[in-house]
Amino acid sequence: MMRNKFAGAFLLLTLLLCTVSCGLKNKQTGGQTSTEDTTTVAIDSATTVIPVYAKGYAVKYLSHGVRLVDIQDPQKESGQSFHYALVPRGVKPAHVPADYTVIETPVQRVVCMTSLQLSNFIRLDACDRVVGITSTRHLFNPEMNERLKSGKTAKIGIEGNFDNELIMSLNPDLIFISPFKRGGYDAMREIGIPLVPHLGYKEMTPLGQAEWIKFIGMFVGLEAEANTRFAAIEKRYNELCKLAAGVKERPKVFSGEIRGGNWYAVGGKSFLAELFRDAGADYFLKDDPRSGGVMLDFETVYSQAEDADYWRIVNSYEGTFSYEALKSLDPRYADFRAFRERGIIYCNMREKPFYESMPMQPEVVLEDLIHAFHPDLLPDYKPTYYERLK
């Protein structure tokens, strides 16, 4: 589906043509006082970050290049918010609210806690800023593997079991975290290194998730590069949406597998459901109002997806995944129409950099799905992540 891109453009034009006076409320104990910063704010269109699709962060501009960044849960499952003042090195900021953590930018040394965060740095060609990561499982990027091998980047452990002494030795400027996941961050806070939430994984649209590349760009001083790369992503994504918008038949698709007796899917307002819609298909839970994970039993999934045309599966399978291999995991899988008629769309994370690259390539993922659902629209296309299972 097409997005209205003009709101962001209009706001940017307004900022370019006008001077901005920011009156900020400075929170203090015992009440609130108001101070005025009447200095004209110079706006550079190439480096100005204005999120249009992302709902998890907002940016306000002060004088002398200072930016106030507010972060909140895009899915509104948590009322917690986070506040940072990004201050150019050498600048003494004025009128920064007391509840904003000051971070000098650009940062040179960061720790990433997730593959999604790392994908931002990979797309920005900024892997040299990453001095620590958590899991190295299925890490494909040659530069990051070389950095690990040479010791320029270190593995710091996993959530709940971080090596705090190692983290301190890396001397990072900040650590990007996922505060609503398992955590283990309380001990890390004692180290004194700023912890900055990266909530791209909670965005409900593919372009919203990809737009977090601008968020990272602000911290590492690559705003212009981030804006340029996102503009290319947005342009191609919306071109593909338009291509699929006119399909006469919309196939039905479902997703997931049984894990530990439960079928894990996502709701109808989720990132994945949006991708299916934009690719010209109907998600089997399209009317479900939830945006996050949904845990179902087999019978519920079967009752709603037995007649689905396609079945999307992403897993980490050692060896050659096939219909017989899938059936061996649970014989009931063979009862789905998508199994019987060979309509499984598959990605093996052992072979493809799914979580490492996919978040910053929603246009590529969309192209994969359109090719799977409507091959006549992209007859010569070679899939990158998803392929029809043979």
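This text goes with the structure placed above it.
Note that the structure is predicted; figures quoted are calculated from it, not measured.

Student: Quick question: what am I supposed to make of the environment of Gly208 here?
Tutor: Assignment of secondary structure puts Gly208 in helix 6 (residues 206-210). Sequence spacing of Gly208 and Pro51 is 157 residues, and the spatial spacing of their C-alpha atoms is 8.3 Å. Non-local contacts of Gly208, meaning those with residues more than four positions away in its chain, are made with Tyr53, Ala54 and Glu203.

Student: Would you explain the sheet that holds strand 17 (residues 282-283) in this entry?
Tutor: Two pairing modes exist for strands in a sheet, parallel and antiparallel, and in both the strands are linked by backbone hydrogen bonds. Sheet architecture is open: five strands sit in the order 17-14-19-20-21, paired in mixed fashion. Where the open sheet ends on each side, the last strands, each with one partner, are strand 17 and strand 21 (387-388). By the bridge criterion, five bridges tie strand 19 (residues 310-315) to strand 20 (residues 344-348) in an arrangement that is parallel. The residue bridging Val314 from the neighbouring strand is Cys347, located in strand 20.

Student: It is not clear to me how the environment of Ala308 should be interpreted in this structure. Could you clarify?
Tutor: Following the sequence through the fold, Ala308 ends up in the loop between helix 10 (298-305) and strand 19. The spacing of Ala308 and Phe284 is 24 residues in sequence and 7.5 Å in space, taken between C-alpha atoms. Once you skip the residues sitting within four places of it in the chain, Ala308 turns out to touch Lys252, Val253, Phe254, Arg337 and Ala338.

Student: Got a minute to help me understand the sheet that holds strand 15 (residues 258-259) in this structure?
Tutor: Read across the open sheet, the three strands follow the order 15-16-18; overall the sheet is antiparallel. A strand with exactly one partner marks an edge of an open sheet, and here the two such strands are strand 15 and strand 18 (293-296). Of the strand pairs in this sheet, strand 16 (residues 262-266) and strand 18 are connected by four bridges, and their pairing is antiparallel. Within the sheet, the bridge partner assigned to Val266 lies in strand 18 and is Gly293. The sheet strands contacting helix 10 are strand 15, strand 16 and strand 18, and the helix crosses strand 18 at an angle near 105°.

Definitions and limits used
Residues numbered from 1 in each chain as written. Predicted model: local features only at pLDDT ≥ 70, side-chain atom pairs only at ≥ 80, totals over all residues. Heavy atoms only, no water. Helix = DSSP H or I, 4+ residues; strand = E, 2+ residues; numbered from the N terminus. Contact = heavy atoms within 4.5 Å. Pairing = 2+ DSSP bridges. Axes fitted to C-alpha atoms, helices over the stretch in contact; angles between N-to-C directions.

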